[in-house]
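Report on the structure
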Amino acid sequence: MGILDIFKRKDMSSEIKNYLERGAVVLDVRTKMEWDEGHSDGAMHIVLNLIPLKVDELKALKKPVIAVCKSGGRSAQATQFLTKEGLDVINGGPWQNVDQYL
């Protein structure tokens, strides 16, 4: 999945619902300031540039992951990286996409 794929895939609702039903962790990769302005209850916050340092922590959860951010660009980057690391992850796009199902 490339960074621009978020613009090609408009309706992620069924995939998001499926991942949540499977017990997915919502991973918010926005900055601390953005996180403080609002986020999904129960989401895990790891700023995008720290993801490589937290891969083992995410793997240890043994759960699928839904990466989110403000618009979908940073979560696409996180999704691409984490997929290469062997995690089951989708790009949920803006955090509000997932928040409506929690």
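Up top is the structure.
The subject of this paragraph is the pairing of strand 4 (residues 89–94). On a regular strand, one side chain projects to one face of the sheet and the next to the other, so that they alternate. Of all the six residues making up strand 4, six are buried; the element is thus mostly covered by neighbouring parts of the structure. Sheet topology note: the strand 3 (residues 65–69)/strand 4 ladder contains five bridges and is parallel. Across the sheet, Val-65 pairs through a bridge with Val-89, a residue of strand 4. Each parallel crossover has a hand, and the one from strand 3 via helix 5 (residues 73–84) to strand 4 is right-handed.

Formed by 16 residues in total, the largest nonpolar core has its most connected members in Leu-27, Val-29, Ile-51, Leu-58 and Leu-82. Counting residues per element, the ones that place at least two in this core are strand 1 (25–28), helix 4 (55–61), strand 3 and helix 5. The element best represented in this core is strand 3, accounting for three residues. Sequence-distant contacts of Val-29, defined by excluding residues within four places in its chain, comprise Ile-46, Val-47, Leu-48, Ile-51, Val-68, Cys-69, Arg-74, Ser-75 and Ala-78. In terms of nonpolar packing, the next biggest core, distinct from the first, is built from 13 residues, Met-12, Tyr-19, Ile-90 and Val-98 among them.

The subject of this paragraph is the pattern of salt bridges. For the coordinates displayed, the defined rule picks out five salt bridges. In this structure, the salt-bridge partner of Glu-34 is Arg-74, at a minimum N-O distance of 2.8 Å. Taken as a pair, Glu-34 in helix 3 (residues 32–37) and Arg-74 in helix 5 lie far apart in primary sequence, 40 residues in all. Judged by relative accessible area, Glu-34 falls into the buried class, the value being 14%. Across the salt bridge formed by Glu-57 and Lys-54, the nearest N and O atoms sit 3.5 Å from each other. Since its relative accessible area comes to 31%, Lys-54 is described here as partly exposed.

Scoring rules and cut-offs
Residues numbered from 1 in each chain as written. Predicted model: local features only at pLDDT ≥ 70, side-chain atom pairs only at ≥ 80, totals over all residues. Heavy atoms only, no water. Buried < 20%, exposed > 50% of the residue type's maximum accessible area, 1.4 Å probe, protein only. Helix = DSSP H or I, 4+ residues; strand = E, 2+ residues; numbered from the N terminus. Pairing = 2+ DSSP bridges. Right-handed = clockwise from strand over helix to strand, strands pointing away. Core = buried A, V, L, I, M, F, W, Y, C linked by side-chain atoms within 4.5 Å. Contact = heavy atoms within 4.5 Å. Salt bridge = Lys/Arg side-chain N within 4 Å of Asp/Glu carboxyl O.

Nothing here speaks to function; it is all geometry.
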